[in-house]
Amino acid sequence: MAPLLNPYLNFDGNARQAMEYYKEVFGGELNMHTFGEAGGAGEEHADKIMHGMLTATADGFTLMGSDMPPGMEHTSGNNFAVSLSGEEESTLRGYWDKLSDGGQVSVPLERQMWGDVFGMCTDRFGTPWMVNINTRQG
């Protein structure tokens, strides 16, 4: 499967409602996972969306979104990123190397609690990027 490039939106506690709304607008299949399911947050964030993904829309759109993680403030300008994801590790690492060169890495590209290799950076032009390499088996 070729790498996927799509917008990733961050919300201030209402990601579930927003992603359900986008499903109504575009159709498709919506999958959401909470911070509580991942064991990555306290009780106040347990039901908030850690990752939501709308796929298989009639026009082939993919849209991802989440609530801001605990400890991060939601402000205009930090409520989006461009996501690169897929299984082609060497291709995605190459993109990461180029995008992070001269930019700022906020999450190093490394294995995460959900099993994939993931990193976040802001390129030298101020665009935030998320790179996820699917390494899960089966």
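The structure presented is a predicted model; accordingly, all values stated were derived computationally and were not measured. (Residues numbered from 1 in each chain as written. Predicted model: local features only at pLDDT ≥ 70, side-chain atom pairs only at ≥ 80, totals over all residues. Heavy atoms only, no water.)

Caption draft 1: Here's a closer look at helix α3 (residues 89-100). For α3, which comprises 12 residues, the first-to-last C-alpha distance of 16 Å matches the rise-based estimate of 16 Å (1.5 Å per residue) to within 8%. Buried within α3 we find L92, W96, L99 and S100. Each buried residue of α3 lies within a common arc of 85 degrees when the element is viewed along its axis, so the set occupies one face. For α3, exposure combined with an orientation more than 90 degrees from the buried face picks out S90 and K98. (Helix = DSSP H or I, 4+ residues; strand = E, 2+ residues; numbered from the N terminus. Expected span 1.5 Å × (residues − 1). Buried < 20%, exposed > 50% of the residue type's maximum accessible area, 1.4 Å probe, protein only. Arc of directions from axis to C-beta.)

Caption draft 2: Structural view of the sheet that holds strand β7 (residues 117-122). The eight strands are arranged β2-β3-β4-β1-β5-β8-β7-β6 in an open sheet whose pairing can be described as mixed. One side of each edge strand has no neighbouring strand; the edge strands of this open sheet are β2 (29-34) and β6 (104-111). Between one strand axis and the next, the sheet turns through 20 degrees on average, direction left out of account. As paired strands, strand β3 (residues 49-55) and strand β4 (residues 63-67) are joined by three bridges and run antiparallel to one another. (Pairing = 2+ DSSP bridges. Axes fitted to C-alpha atoms, helices over the stretch in contact; angles between N-to-C directions.)

Caption draft 3: Spotlight on the environment of S100. In this structure, S100 sits in helix α3. C-alpha separation for the pair S100 and P128, spaced 28 residues apart in sequence, amounts to 9.8 Å. Setting aside residues no more than four positions away along its own chain, S100 makes contact with V105 and C121. At a separation of 2.8 Å, a polar atom in the side chain of S100 contacts the main-chain carbonyl oxygen of W96. (Contact = heavy atoms within 4.5 Å. Polar contact = N/O pair within 3.5 Å; in protein donor to acceptor, adjacent residues only side chain to side chain.)

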